[in-house]
Structure formats: C-alpha cells, structure tokens
Amino acid sequence: SHVGILLASHMRQHGASAQANVPSGCCGTQPPGGQDTAYIQHLQQVVHGFLGGGVEGGCCGGHPGVAGQYQMSQVDPRHICDQLLFYFSDHNLARDAYLRNCMTPNDGWVELWTLHNFQRMRSLGANFFALQQAAAASPEFELDGSGVFLRIRDPQRRAKWVTQSGGYQ
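The structure contained in this document is the topic of the report that follows. If you're wondering where the values come from, they're calculated on a predicted model, not measured in any experiment. (Residues numbered from 1 in each chain as written. Predicted model: local features only at pLDDT ≥ 70, side-chain atom pairs only at ≥ 80, totals over all residues. Heavy atoms only, no water.)

## What to know about the side chain of Glu142
Within the element layout of this structure, Glu142 appears in strand E2 (residues 141-143). For Glu142, a relative accessible area of 19% puts it in the buried group. For Glu142, the side chain forms a polar contact with the side chain of Arg151, separated by 2.8 Å. Engagement of the side chain of Glu142 in a polar contact is seen with the side chain of Arg158, the distance being 3.4 Å. If sequence neighbours within four positions are ignored, Glu142 has contacts with Trp109, Phe149, Leu150, Arg151, Ile152, Arg153 and Arg158. (Helix = DSSP H or I, 4+ residues; strand = E, 2+ residues; numbered from the N terminus. Buried < 20%, exposed > 50% of the residue type's maximum accessible area, 1.4 Å probe, protein only. Polar contact = N/O pair within 3.5 Å; in protein donor to acceptor, adjacent residues only side chain to side chain. Contact = heavy atoms within 4.5 Å.)

As structure tokens, then:
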C-alpha cells in the first residue's frame, strides 16, 4: 500500500529498520518498545501528511505528500459516478469504439487511468482516488482486487460489449 511505502521510506530516511531506533530527538518520539504511543502518533502524523499533501518541518524536513492522484478529491463523487454511468451506458457504448477497444477481451476490464485521462473526467477534476471511490460505490460497476480496473457488473450487459479476441466489436 502507499501508506506502507511511506512508512518504509520514513524508516529508511532515518537509517532505521523494524528493530532499530528512530534517531533521538526525532519529533520527540521513540521506536516501538519505548514510548509506543508517541511513536504511533508520530507515524499517524506522517501518514496524515502523506495523504493530505505533506507535513512541513519536523524531524524529516517534511514529507512531500502524494501528487494529486491520491489526495482526497473536492469534486462531488456523484458527478464522477454519473459520468461513469454515461461512459458505460448502452447508448454510449454503441457509438464509442475507443472505449469498447479499451475493454480487455473476454472479461471487459478497463484501466481506471484510461478513464482518468478522458477530457470530461479531467474537467470534473476527478483524480484517481475519486474515480476508485465512485466506481466502488456504484452497484453498476465492480473493481478488480487491485482497484486499478473497472468493469460493468452485470454479466449479460458486459457480454454485449466485450469481444472474445480483442479489437473493435
């Protein structure tokens, strides 16, 4: 996970391993086995800064936060969901050869990054995280286990648009 990567980066930055100490004076924290509560609070602050755009100062000179694709979105998820519903509507798929071609053969998965790059999604201000949340909340779609691919949930509707060998239908 991205949080795990951040925590590992934080530990590397201090030359620490899972069993080693955080440098003394690092935001007044100690590693597990010492002041557990203070250390956990420090890590929560680091994670919060990571997800929310960065923590300035502190022992590490700040953490950069995540570039817009994982930050919380200010756009209304209903607008994103409505746009996804339009993209995957029978009316649109009947004329959108590009989107049909983006579907994986046989099972119909479409990479969320593809949808993220559509002009309308970008004009809505939809980031990758917002797309994931909208797709996960909709009964019309399902996400794969990685959260990177989306498809039409209803197998009969999906079969209408998915090719058996790839390419345009």
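Let's pick the thread back up.
## Details of the nonpolar core
Counting residues in each nonpolar core, the largest one holds 26 residues, and the members touching the most others are Ile80, Leu84, Phe88 and Leu115. Among the elements of the structure, helix H3 (77-87), helix H6 (112-116), helix H7 (119-124), helix H8 (128-137) and strand E3 (149-152) are those that each provide at least two residues to this core. Looking at which element gives the most residues to this core, the answer is H8, with five residues. With near-sequence residues (within four places) excluded, Ile80 lies in contact with Val75, Met121, Leu124, Ala126, Ala130, Leu131 and Ala134. (Core = buried A, V, L, I, M, F, W, Y, C linked by side-chain atoms within 4.5 Å.)

## Quick word on the pattern of salt bridges
Applying the stated criterion to the full structure yields five salt bridges. Among the salt bridges present, the one from Asp90 reaches Arg157, with a minimum N-O distance of 3.2 Å. In this pair, Asp90 sits in helix H4 (residues 90-93) while Arg157 sits in helix H9 (residues 155-161), placing the two residues 67 residues apart along the sequence. For Asp90, a relative accessible area of 29% corresponds to the partly exposed category. Via salt bridges that share partners, Asp90, Arg157 and Lys160 belong to a single interconnected network. (Salt bridge = Lys/Arg side-chain N within 4 Å of Asp/Glu carboxyl O.)

## Looking at the packing of H3 against H8
One way to put it is that H3 packs onto H8 with a least axis distance of 9 Å and a crossing angle of 70°. As judged from the angle between their axes, H3 and H8 are roughly perpendicular. Touching Pro77, Ile80, Cys81 and Leu84 of H3 are Ala130, Leu131, Ala134 and Ala135, all from H8. (Axes fitted to C-alpha atoms, helices over the stretch in contact; angles between N-to-C directions. Parallel < 35°, antiparallel > 145°, perpendicular 65-115°, else oblique.)

## Observations concerning the environment of Ala134
Summarising the element assignment, Ala134 is placed in helix H8. Sequence-wise, Ala134 and His79 are 55 residues apart; in three dimensions their C-alpha atoms are separated by 8.8 Å.

## A word on H3
Every α-helix carries 3.6 residues per turn, so stepping three or four residues along brings you back to the same face. Those residues of H3 lying buried are Ile80, Cys81, Gln83, Leu84 and Tyr87. All buried residues of H3 lie within an arc of 160° about the axis, which places them on one face of the element. (Arc of directions from axis to C-beta.)

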